[in-house]
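# Architecture at a glance
This is what each chain is made of:
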Amino acid sequence: MPEPYDPLQPGDREAIAPTGQGGSMDLALEEAESLEKNLGPAGGPGPAEKVRSLWSDAWHQLRRNPVFVVSALLILFLVVIAIWPQLIAGGDPLKCDLSKSQQGPAPGHPFGYDTQGCDVYTRTVYGARASITVGICATVGAALLGSALGGLAGFFGGWGDSVLSRVADIFFGIPVVLGGLVFLSVVTGTTVWPVIGFIVLLGWPQVARIARGSVITAKQNDYVQAARALGAGNARMLLRHVAPNAVAPVIVVATIALGTYIALEATLSFLGVGLRPPTVSWGIDISNAAPQIRNAPHMLLYPAGALSLTVLAFIMLGDAVRDALDPKLR
């Protein structure tokens, strides 16, 4: 009985065995060995070909994006001085000397003095606290409220979805500045919370609309239908399968909106209905400096520059995050 054929066994058919001369069979064997090393035990991707998730791939892109690095470092600096302004400003922003009213830069006071004789540098540094607090708290509040309402409406649909859409359309029709003038003239206070509440009130519909569309798209995927067929409940499908895959657009919108909310707070404070003294705010300082722009332009230059730089940093960060989370924009 003939022996089983073995292509690697030397013999009368040794021509198809490894030749040692770099022939086609040697190349095929080398490719097979290389493929075996790169594959795991089950034939899946090995260490040389590790599959990245959406978030790890986005972080991989962000680390190499100079726009993200610069904006993130600037935002980190602003957050640090908002928490500990005394690190770079040792004076008191409420301590004023009328004898130095509208004077220009002096030793120890590089930004000069305002109309009340207050140090412009100290007030500019301390003004970051109110603006950053309003921006972050308003963004978190609008994102949580809008995501919850929009996600539930998009997942369950029906009459709740219709009601939410019509309510959101009503809020979209309210002019932001006019609404702020009406709302904040009635709800007064010396803290940042009335301003935060107003921004959340007008900011959640935009997030809700984005969250609703993302959830509607995510719930139509095959893995959600498979989970439903296996008997998964609505809460499990929404929290485990739909929400993690629908949250990326909400994060992008919230990041960009944060800079817009900071500018909105400064606008309302400039009009006299936002933050009020003794709170230190860039909008208040810009409002006080506007009538004196010809006589003492330094009073307006520095708080306005700090506000513009902060808003630009958050918008640049949002654009970078959007590009990283959307493969179509790469």
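Here, the structure is the one placed above.
Residues numbered from 1 in each chain as written. Predicted model: local features only at pLDDT ≥ 70, side-chain atom pairs only at ≥ 80, totals over all residues. Heavy atoms only, no water.

## Thoughts on the overall build of the chain
Going by this rule: In this description a helix means any DSSP run of H or I spanning at least four residues, a strand means any run of E spanning at least two, and both kinds are numbered starting from the N terminus. Only protein chains enter the area calculation, which uses a 1.4 Å probe; residues under 20% of their type maximum are buried, those over 50% are exposed, and those in between are partly exposed. Contacts between residues were defined by any pair of non-hydrogen atoms, one from each residue, lying within 4.5 Å. For every accessible area listed, the method is Shrake-Rupley and the probe measures 1.4 Å; residues are considered covered only by the protein chains on display.
Per the secondary structure count, the chain includes 12 helices and zero strands. Along its sequence from the N terminus, the chain presents helices and strands in the succession α-α-α-α-α-α-α-α-α-α-α-α. Each of the 330 residues in the chain was classed as buried or not, and the buried ones make up 37%. The long-range share in the chain, meaning contacts at least 24 apart out of those at least 6 apart in sequence, stands at 65%. About 18,700 Å² of surface is accessible on the chain, with carbon and sulfur atoms providing 64% of the total.

## So, the packing of aromatic side chains
We describe a pair of aromatic rings using the distance from one ring centre to the other and the angle between the two ring planes. The condition that has to hold: Side-chain rings of Phe, Tyr and Trp, where Trp is taken by its six-membered ring, are said to pair if the distance between their centres is within 6.5 Å; with planes under 30 degrees apart they count as stacked, over 60 as edge-to-face, and otherwise as tilted.
For the structure on display, the rule yields six aromatic pairs. Here Phe171 and Trp204 contribute two aromatic rings whose centre-to-centre distance is 5.6 Å and whose plane-to-plane angle is 65 degrees, an arrangement assigned as edge-to-face. Separated by 33 residues along the polypeptide, Phe171 in helix H5 (residues 158-172) and Trp204 in helix H7 (residues 193-218) bring together distant segments of the chain. The exposure class assigned to Trp204 is buried, which follows from its relative accessible area of 6%. Aromatic rings pair up to connect Phe111, Tyr121 and Tyr302 into one cluster.

## Focus: the nonpolar core
To be explicit about the condition: Nonpolar cores were defined as sets of buried Ala, Val, Leu, Ile, Met, Phe, Trp, Tyr and Cys residues, with membership established by side-chain atoms within 4.5 Å.
Formed by 30 residues in total, the largest nonpolar core has its most connected members in Ile132, Ile262, Leu307, Phe314 and Leu325. Every element with two or more residues in this core is listed here: helix H2 (54-63), helix H3 (66-83), helix H4 (120-156), helix H10 (248-270), helix H11 (282-289) and helix H12 (298-325). Among the elements that take part in this core, H12 stands out by supplying 12 residues, more than any other. When sequence neighbours within four positions are dropped, the list of residues in contact with Phe314 reads Ile75, Ile132, Thr255, Leu258, Gly259 and Ile262.

## Here's the deal with the state of the cysteines
Operational definition: In plain terms, two cysteine sulfur atoms within 2.5 Å form what is called a disulfide here.
Counted by the stated rule, this structure contains one disulfide. Note on cysteine connectivity: Cys96 is disulfide-linked to Cys118, with sulfurs 1.6 Å apart. Taking the torsion about the sulfur-sulfur bond, which here is approximately 60 degrees, the covalent link between Cys96 and Cys118 counts as right-handed. Taken together, the residues Cys96 in the loop between H3 and H4 and Cys118 in the loop between H3 and H4 connect sequence positions 22 residues apart. A relative accessible area of 38% means that Cys96 is categorised as partly exposed. Classification of Cys118 as buried rests on a relative accessible area of 3%.

## A short note on the packing of H11 against H12
Helix packing for two helices is described by the angle between their axes and how far apart those axes are. The criterion, for reference: In this analysis an axis means a line fitted to C-alpha atoms, helices contributing only their contacting stretch, and an angle means the value between N-to-C directions, from 0 to 180 degrees. Whether a crossing is left-handed or right-handed is set by the direction in which the near helix is turned from the far one by less than a right angle, anticlockwise for left-handed and clockwise for right-handed. In this classification, the charged set is Asp, Glu, Lys and Arg, the nonpolar set is Ala, Val, Leu, Ile, Met, Phe, Trp, Tyr, Cys and Pro, and all remaining amino acids, among them Gly, are polar.
Where H11 meets H12, the axes come as close as 9 Å, and the angle between the chain directions of the two elements is 145 degrees. In the packing of H11 onto H12, the handedness of the crossing is left-handed. Of the residues in H12, those touching H11 at Trp282, Asp285, Ile286, Asn288 and Ala289 are Met299, Leu300, Pro303, Ala304, Ala306, Leu307 and Thr310. Split into classes, the residues belonging to the contact of H11 with H12 amount to nine nonpolar, two polar and one charged.

## Points about the environment of Trp282
On the secondary structure map, Trp282 appears in helix H11. Sequence separation between Trp282 and Ser269 is 13 residues; the distance between their C-alpha atoms is 8.3 Å. Once residues lying within four places of it in the same chain are set aside, the contact partners of Trp282 are Thr124, Gly127, Ala128, Ser131, Pro303, Ala306, Leu307 and Thr310.

## Some words on the pattern of salt bridges
Let me state the cut-off plainly: Each salt bridge in this description consists of a side-chain nitrogen of Lys or Arg and a carboxyl oxygen of Asp or Glu lying within 4 Å of one another.
Across all of its chains, the model carries six salt bridges by this definition. In this structure, Asp169 engages Arg166 in a salt bridge whose closest nitrogen and oxygen atoms are separated by 3.1 Å. Here Asp169 and its partner Arg166 are both found in helix H5, three residues apart, which amounts to about one turn of the helix. When its relative accessible area of 32% is taken as the criterion, Asp169 is described as partly exposed. Through salt bridges with shared partners, a single ionic network connects Arg166, Asp169 and Arg209.

## A closer look at the side chain of Asp114
We apply this condition: Counting rule for charge: Lys and Arg are taken as positive, Asp and Glu as negative, and neither His nor the chain ends is counted. Each polar contact in these results corresponds to two N or O atoms within 3.5 Å; when the atoms are within protein, one needs to be able to donate a hydrogen and the other to accept it, and residues that are neighboring in sequence are counted only if both atoms are side-chain atoms.
With respect to the secondary-structure elements, Asp114 resides in the loop between H3 and H4. Salt bridges are absent for the buried Asp114, whose nearest opposite-charge side chain, Arg123, sits at 4.1 Å. A distance of 2.6 Å separates a polar atom in the side chain of Asp114 from the backbone nitrogen of Cys118. The contact partners of Asp114, leaving out residues within four places of it in the chain, are Lys100, Ser101, Gln102, Val120, Arg123 and Met299.

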